[in-house]
Amino acid sequence: MNRQTFLRLAGGAAACSLAACQPSGPSGGGAGSGGKRVVGFSQIGADNPWRTAETESIKAEAAKRGIELKFSDAQGQQEAQISAMRSFIAQGVQGIILAPKVETGWEAILKEAKDAKIPVVLVDRGVAVADDSLYATLIASDFVAEGTMAGEWLAKKCGGKAGVIQLEGTTGSAPANDRKKGFEAAMASHPEIKVLASQTGDFKRSDGKNVMEALLKVHGAAITAVYAHNDDMAIGAIQALEAAGRRPGKDVVVVSIDGMGFAFDAIVEGKLNATVECNPLLGEMAFAALEQVLKGEALPKLLVQKDRLFDESNAAAERPNRKY
Amino acid sequence: MNRFRTPLLWPLAALVALLVFNALASPGFFDVEWKDGRLYGTVVDICNQGARVPMLLALGMTLVIATGGVDLSVGSLMAVSGAVAAVQVNAGASLGQAVGLALLLCSGLGLVNGVLIAKVRLQPIIATLVMMVAGRGLAMLLTGSQMVPFKHEGLTFLANGAVGGLPVPIPLVLGVALLAGVALRGSAWGLFIEATGDNETASRLAGLPTGGVRLLVYAFSGLCAGMSGLLEASNIAAADPARMGDTRELDAIFAVVAGGTALTGGRFSLAGSLVGALLLQTLTLTLYNQNVPPAVAPVPKALVILVVCLLHSPKLREQWGRWRSPSPA
């Protein structure tokens, strides 16, 4: 009884995940029917607005170019991404766009795509493969540059003198490592800016608030600036600063990264000073790259998405354009 | 030997040791100020942050573990609770409605755990693992997978307000603990829980309502997770369905074990679990205060946990006893 129930549950779960990896585009048309180009897109999931915006951007660009897009949402499962790619290959798509969940484990499926002469464009995250001819190119933001941009802006805003709390992202994740590296590189040329403490807030609003609450007791008035690796932690820090009677945006400079809609709202309210966007609108670049590869042109292995910084001077004007 | 049987002794000793370390290593650790009508200081933070999650979750987890089970779903149920409350207040519901619905739903999902375990006879780890996955999915479904911010004075007061100078979560968790303690120790139900964990078959044959005991403890664990989720959502004025409560069930299990409730079941100490949760929170804040790099912070944390668990080990204590008195009477 025990065992049967469990098996039934497990079976149900497996069926769900199989269903999840069926491309949800119009089926039965077959690739290339009517001379229309068909491209497959394997997305990790839709667990945050950033990723949803990325998906929308790619769908919109496909529609604009008259390309039929076969879309698969892997719901956070690498295996589902791999089986979606396998089904794209079986359907004979002309190209594949992949937002890989993790860096490793892609060799076999990328090799299958290469053997079928289907170019794969990676978006927003890279893969670790020995042979970089397995994919056409990676289109991504440069996290190190984002950190440096935030650091330089903070240094200028504070007049080269500050006590900074750094709220790091999830320990060991690429954006956290690189945004820290970029920021600290910028700080190297500002000896009067002291990073008082650098602790992880795990990219979460709640952890950002908890850490800030604790560090306010330790460093108190010495804190004149906060640098958060994402907007969520910055909002958490702002709440902790306000609860402690400080005025974020006025007597404590707060800078973060991501450029989410709510961060723009916080800048307009005067509580957040600046955010460096990490632009998810990769659709245009992704399809342009695919076209180039299909025409046989060579591409660099990394195409950097240009990220901009927004502060009180331009956030209000940009807010209506933020869809995520 | 009797003094070693007090489950409170070892987590308290570890907590005191940690506090002494902080008194020496970080000046101002015990400073408490009166600010905007409330107490303000590191120790208040420890109690407040500790009350919101690990202490509340540990209360529910203690009873579950005492029956020989485990509840992995509490982190996900936190997310469900936060999501329900946020969606409700944004739709114009009153505080009572939002809180009531969130707590009702979480107790109900806890009860489902109980039914799967007591009636369908699934292993607790499997049944609650299913609920952990399903609960996260439900939270995502309720919110459309997006963070749901809210502006609602009543709901944000739960975690940000103060009662008698203390942040609300502190008196709240103490109240829940006191109620549960009095209800269980004042009646035979505490004993029923322990008997169920000790030997379920014998207890059932002796006429104890072991099925009812299990339904009760899992529903209570769900309720505690619901309260914790409300406080976490209240704290940041938003529900975070994807990440709220993520892996916090492990914190709760640690607090319970550190507090002297054995994973094998059969006995429990609510006070011990509260001290265990405080120990964990003090440790977390100590690492922030000392600015230990996040990459290596898990190491000292693991060491303290290991030491507390070793102190609880009957085998080691036996050895220690022999070493202290080489010729036992």
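On a predicted model such as this, the values are computed, not experimentally measured, just so you know.

**Things to note about the overall build of chain B**
- When helices and strands are counted, chain B shows 14 helices and 6 strands.
- In terms of overall dimensions, chain B is globule-like: its C-alpha atoms have a radius of gyration of 20 Å, near the 20 Å expected for 329 residues.
- Projected onto the principal axes, the alpha-carbon positions of chain B cover approximately 70 × 55 × 40 Å.
- In chain B, which comprises 329 residues, the share counted as buried stands at 53%.
- Summarising the internal contacts of chain B: among those between residues at least 6 apart in sequence, 77% fall at separations of at least 24.
- Working note: accessible area of chain B is about 13900 Å², and carbon and sulfur atoms make up 69% of it.

**Re the overall build of chain A**
- Check the secondary structure of chain A and you find 11 helices and 12 strands.
- The proportion of buried residues among the 324 residues of chain A is 54%.
- Intrachain contacts of chain A at a sequence separation of at least 6 include 74% that bridge at least 24 residues.
- Accessible area of chain A: about 13400 Å², with a carbon and sulfur share of 55%.

**Describing the sheet that holds strand S2 (residues 68-73) of chain A**
Residues and elements named next belong to chain A.
- Pairing is parallel across the open sheet formed by 6 strands, whose spatial order is S2-S1-S3-S4-S5-S11. Edge positions in the sheet fall to S2 and strand S11 (302-305), since each of these pairs with one other strand and no more. Geometrically, the sheet is characterised by an average inter-axis angle of 20° between neighbouring strands, direction not taken into account.
- Pairing analysis gives 4 bridges linking strand S1 (residues 38-43) to strand S3 (residues 95-98), with the strands arranged parallel. Note that in S3 the partner of Val 39 across the bridge is Gly 95.

**Topic: the domain arrangement of chain A**
- Domain assignment breaks chain A into domain 1 (28-135) and domain 2 (143-279 + 311-321).
- For domain 1 of chain A versus domain 2 of chain A, the distance between C-alpha centres works out to 34 Å.

**Let's talk about the interface of chain B and chain A**
- Contacts between the two partners involve 33 residues from chain B and, on the opposite side, 34 residues from chain A.
- Taken over both partners, the interface formed by chain B and chain A buries close to 2800 Å², and the fraction arising from carbon and sulfur atoms is 50%.
- In this structure, the connection of chain B to chain A is made through 2 salt bridges.
- Note that Asp232(A) and Arg243(B) form a salt bridge whose closest N and O atoms lie 3.1 Å from each other.
- Viewed at the interface, chain A and chain B are joined by 14 residue pairs in polar contact (both at pLDDT 80 or more).
- Secondary structure elements with two or more residues in the side of chain B that touches chain A: strand S2 (38-41), helix H2 (42-66), helix H5 (124-143), helix H10 (210-236) and helix H12 (270-289) of chain B.

**A short note on the sheet that holds strand S6 (residues 162-168) of chain A**
All names here are of chain A.
- Within the open sheet, the 6 strands sit side by side as S7-S6-S8-S9-S10-S12. Their pairing is mixed. Of all strands in the sheet, those with a lone pairing partner are strand S7 (193-200) and strand S12 (309-311), marking the two edges. Strand-to-strand twist of the sheet, defined as the mean angle between neighbouring strand axes without regard to direction, takes the value 20°.
- In terms of strand pairing, strand S9 (residues 253-258) meets strand S10 (residues 274-277) through 4 bridges, oriented parallel. Pairing of Val 255 across the sheet is with Ala 274, part of S10.
- The sheet strands contacting helix H6 (residues 174-187) are S6, S7, strand S8 (225-228) and S9, and the helix crosses S6 at an angle near 165°.
- This element, helix H9 (residues 261-269), spans S10 and S12 of the sheet and lies at about 155° to S10.

**What to know about a nonpolar patch on the surface**
Residues and elements named next belong to chain B.
- Taken together, Val 299, Leu 303, Leu 306, Leu 310 and Leu 316 make up a surface patch of nonpolar side chains, about 450 Å² in accessible area.
- Ranked by residue count, the leading element in the nonpolar patch is helix H13 (residues 298-312), at 4 residues.
- Mapping Leu 303 onto the fold places it in helix H13.

**Details of the side chain of Thr156(B)**
Residues and elements named next belong to chain B.
- Tracing the sequence through the fold places Thr 156 in helix H6 (residues 153-160).
- There is a polar contact of 2.8 Å between the side chain of Thr 156 and the backbone oxygen of His 152.
- In this structure Thr 156 touches Phe 150, Gly 161, Ser 234 and Ala 237, once residues within four positions along its chain are discounted.

**Let's talk about helix H7 (residues 205-219) of chain A**
All names here are of chain A.
- Over its 15 residues, H7 extends 21 Å from the first C-alpha to the last, a length consistent with the 21 Å expected when each residue adds 1.5 Å.
- Most of H7 sits inside the fold, with 13 of its 15 residues counted as buried.
- Once H7 ends, the next one or two residues include Gly 220, with phi positive near 50°.

**Considerations on unusual backbone geometry**
Residue and element names in this part refer to chain B.
- In this structure, Arg 121 takes a positive phi of about 65° despite not being glycine.
- By secondary structure assignment, the location of Arg 121 is in the loop between helix H4 (95-118) and H5.
- Phi angles above zero are rare outside glycine, and Asn 291 is one such case at about 50°.
- With respect to the element layout, Asn 291 can be found in the loop between H12 and H13.

**Notes on the nonpolar core**
- Counting residues in each nonpolar core, the largest one holds 112 residues, and the members touching the most others are Met212(A), Val226(A) and Leu59(B).
- Among the elements that line this core, the one with the most residues is H2(B), at 13 residues.

**Here we look at empty space enclosed by the protein**
- Following the criterion strictly, the structure yields 2 cavities of 30 Å³ or more and no others.
- Roughly 80 Å³ of internal volume is contained in the largest cavity.
- Of all the secondary-structure elements, those providing two or more residues to the lining of the largest cavity are H7 of chain A together with H10 of chain B.
- Looking at the lining of the largest cavity, the element that brings in the most residues is H10(B), giving 3 residues.
- Put simply, the second largest cavity is a space of about 30 Å³.
- If you trace the second largest cavity, you find it lined by Arg37(A), Val39(A), Ile67(A), Gln94(A), Leu290(A), Glu291(A) and Leu294(A).
- Looking at the lining of the second largest cavity element by element, the count peaks at 3 residues for helix H10 (residues 283-294) of chain A.

**A word on the packing of H7(A) against helix H8 (residues 231-243) of chain A**
Residue and element names in this part refer to chain A.
- Look at H7 against H8: their axes get within 7 Å of each other, and the N-to-C directions meet at 40°. With respect to H8, the axis of H7 lies oblique. Between H7 and H8 the crossing geometry is right-handed. Together, Arg 205, Gly 208, Lys 209, Met 212, Glu 213 and Leu 216 of H7 and Asp 232, Met 233, Ile 235, Gly 236, Ala 237, Gln 239, Ala 240 and Leu 241 of H8 make up the contact between the two elements.
- Of the residues contributing to the contact of H7 with H8, the split by class is 7 nonpolar, 3 polar and 4 charged.

**Notes on the packing of aromatic side chains**
- Here the structure, examined in full by the defined rule, presents 6 aromatic pairs over all chains.
- Look at Phe264(A) and Phe310(A): their rings are 5.0 Å apart centre to centre, the planes differ by 55°, and that puts the pair in the tilted class. Of this pair, Phe264(A) sits in helix H9 while Phe310(A) is found in strand S12, placing the two residues 46 residues apart along the sequence.
- Look at Phe310(A) and you get buried, because its relative accessible area is 3%.
- A cation sits over an aromatic face here: Lys59(A) above Phe71(A), 4.4 Å from the ring centre.
- Across the ring face of Tyr40(B), the terminal group of Lys35(B) is positioned such that the distance to the ring centre comes to 4.2 Å.

Rules behind the numbers
Residues numbered from 1 in each chain as written. Chains lettered and ligands numbered in written order. Predicted model: local features only at pLDDT ≥ 70, side-chain atom pairs only at ≥ 80, totals over all residues. Heavy atoms only, no water. Helix = DSSP H or I, 4+ residues; strand = E, 2+ residues; numbered from the N terminus. Rg over C-alpha atoms; globule rule 2.2 N^0.38 Å. Buried < 20%, exposed > 50% of the residue type's maximum accessible area, 1.4 Å probe, protein only. Contact = heavy atoms within 4.5 Å. Areas by Shrake-Rupley, 256 points an atom, 1.4 Å probe, with all protein chains shown as cover. Pairing = 2+ DSSP bridges. Axes fitted to C-alpha atoms, helices over the stretch in contact; angles between N-to-C directions. Domains from an automatic or database assignment. Buried area = accessible area lost by both parts, 1.4 Å probe. Salt bridge = Lys/Arg side-chain N within 4 Å of Asp/Glu carboxyl O. Polar contact = N/O pair within 3.5 Å; in protein donor to acceptor, adjacent residues only side chain to side chain. Patch = residues over 30% accessible without salt bridge, like charges linked within 9 Å, V, L, I, M, F, W, Y side chains within 5 Å. Expected span 1.5 Å × (residues − 1). Core = buried A, V, L, I, M, F, W, Y, C linked by side-chain atoms within 4.5 Å. 1 Å grid on protein atoms, 1.4 Å probe; cavity = no way out; pocket = protein on both sides within 12 Å on 5 of 7 lines; lining within 4 Å. Points joined across faces, edges and corners; volume = space filled by probe spheres on them. Parallel < 35°, antiparallel > 145°, perpendicular 65-115°, else oblique. Left-handed = near helix turned anticlockwise from the far one by under 90°. Nonpolar A, V, L, I, M, F, W, Y, C, P; charged D, E, K, R; others polar. Phe/Tyr/Trp six-rings, centres within 6.5 Å; stacked < 30°, edge-to-face > 60°. Lys NZ or Arg CZ within 6 Å of the ring centre and 35° of its normal.

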